[in-house]
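Next come the chains, spelled out residue by residue.
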Amino acid sequence: MDRAQKEKVVDELGQIFESSGVVVVAHYTGMTVAQMQDLRAKLRDVGGSVRVAKNTLAKIALEGKPAAKMGDLLTGMTVLSFSEDPVAAAKVCEAYAKSNDKFVIIGGAMGDTVLDQAGIKAVAAMPSREELLAQIVSCIGSPASAIAGAIGAPASNIASILSTIEEKAAA
């Protein structure tokens, strides 16, 4: 790899570290190409991606970035998984690590916060952006449906009382 290619990789990694909501660092020693492609596909499905790069280039790319302290995690054969959604990559990596013992999560970063294994696990347990939006919508819609039910209840009660009176009068 010549100098120009290295500079390009450092720029790409710098963009990843700046624009990603979460970056997960993991060891992947012993994984097959098929397993790595499976991980890439799963991350692609949630809007994330996987990047394997030399640790020295990644450390250079981290210089001056909010997650610069994450450089300590970059030892051995590491893979970077990232996504704009702060939860998506962590969820996929956590699930993948449970099914593949060769994929070991070391830690990662969320913004300027460096996370260890437990931190990534905690992020993975959080609801995704879509789940949060659905919860907010249901909370907003719930009072409105309760109000509509309360307003409609007296009318239906009156109607049932009137029908009962009619039935008694007819009998």
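The model shown is predicted, which means the values in this text are computed figures rather than measured ones.

Caption draft 1: Up close: the nonpolar core. Ranked by internal contacts, the top residues of the largest apolar core, which has 21 residues, are Val24, Met36, Leu39, Val79 and Phe103. Put simply, the parts of the chain that give this core at least two residues each are strand S1 (22-27), helix H2 (33-45), helix H4 (88-99) and helix H5 (117-125). When residues no more than four places from it in sequence are discounted, the contact partners of Leu39 are Val50, Val92, Tyr96 and Phe103. Among the nonpolar cores identified, the runner-up in size contains 19 residues, and Val10, Leu57, Ala61 and Ala67 belong to it.

Caption draft 2: Representation of the sheet that holds strand S5 (residues 113-116). Taken in spatial order, the five strands line up as S2-S3-S1-S4-S5 in an open sheet, and their pairing is antiparallel. On the outer flanks of this sheet lie strand S2 (48-51) and S5, each paired with one strand and no other. For this sheet the average axis-to-axis angle between neighbouring strands, irrespective of direction, equals 20°. For S1 and strand S3 (residues 78-83), the ladder comprises six bridges, and the chain directions are antiparallel. Note that in S3 the partner of Val25 across the bridge is Leu80.

Caption draft 3: Up close: H5. Buried within H5 we find Gly119, Ile120, Val123 and Ala124. Along the axis of H5, the buried residues cluster in a sector spanning 140°; they form a single face. Residues Ala118 and Ala125 are exposed on H5 and point more than 90 degrees away from its buried face. Packing partners of the buried residues in H5 comprise S1, H4, strand S4 (104-110) and S5.

Caption draft 4: Seen up close, the pairing of S1. With five of six residues buried, S1 lies mostly within the body of the structure. Two elements, S1 and S4, share five bridges in a ladder whose sense is antiparallel. Its bridge partner lying in S4, Val25 is registered against Gly107.

Caption draft 5: Expanded view of the environment of Met1. Looking at where Met1 falls in the secondary structure, it is placed in the segment before helix H1 (3-19). Assessed through its relative accessible area of 57%, Met1 is described here as exposed. Setting aside its immediate chain neighbours within four residues, Met1 contacts Lys6, Val9 and Leu57.

Caption draft 6: Broad picture of a nonpolar patch on the surface. The grouping of Leu133, Ile136 and Ile140 at the surface amounts to a nonpolar patch, some 300 Å² of accessible area in total. Note on placement: Ile140 falls in helix H6 (residues 129-170). The class of Ile140 is exposed, set by a relative accessible area of 61%.

Caption draft 7: Structural context of H1. A rise of 1.5 Å per residue sets the reference length of H1, with its 17 residues, at 24 Å; its end C-alpha atoms lie 24 Å apart and thus fit the reference within 8%. Taken together, the buried positions of H1 are occupied by Val9, Val10, Leu13, Gly14, Ile16 and Phe17. The buried residues of H1 occupy one face: seen down the axis, they fall within an arc of 160°. Those residues of H1 that are exposed and aimed more than 90 degrees away from the buried face are Ala4, Lys8, Asp11, Gln15 and Glu18. The inward-facing, buried residues of H1 contact S1, S2, helix H3 (55-62) and S3.

Caption draft 8: Focus on the packing of H4 against H5. Close contact between H4 and H5 brings their axes to 8 Å; oriented N to C, the two are set at 110°. Relative to H5, H4 is oriented roughly perpendicular. Classified by chirality, the crossing of H5 by H4 is left-handed. Across from Ala90, Lys91 and Glu94 in H4, the residues of H5 making contact are Ile120, Lys121, Val123 and Ala124.

Definitions and cut-offs
- Residues numbered from 1 in each chain as written.
- Predicted model: local features only at pLDDT ≥ 70, side-chain atom pairs only at ≥ 80, totals over all residues.
- Heavy atoms only, no water.
- Core = buried A, V, L, I, M, F, W, Y, C linked by side-chain atoms within 4.5 Å.
- Buried < 20%, exposed > 50% of the residue type's maximum accessible area, 1.4 Å probe, protein only.
- Helix = DSSP H or I, 4+ residues; strand = E, 2+ residues; numbered from the N terminus.
- Contact = heavy atoms within 4.5 Å.
- Pairing = 2+ DSSP bridges.
- Axes fitted to C-alpha atoms, helices over the stretch in contact; angles between N-to-C directions.
- Arc of directions from axis to C-beta.
- Patch = residues over 30% accessible without salt bridge, like charges linked within 9 Å, V, L, I, M, F, W, Y side chains within 5 Å.
- Areas by Shrake-Rupley, 256 points an atom, 1.4 Å probe, with all protein chains shown as cover.
- Salt bridge = Lys/Arg side-chain N within 4 Å of Asp/Glu carboxyl O.
- Expected span 1.5 Å × (residues − 1).
- Parallel < 35°, antiparallel > 145°, perpendicular 65-115°, else oblique.
- Left-handed = near helix turned anticlockwise from the far one by under 90°.

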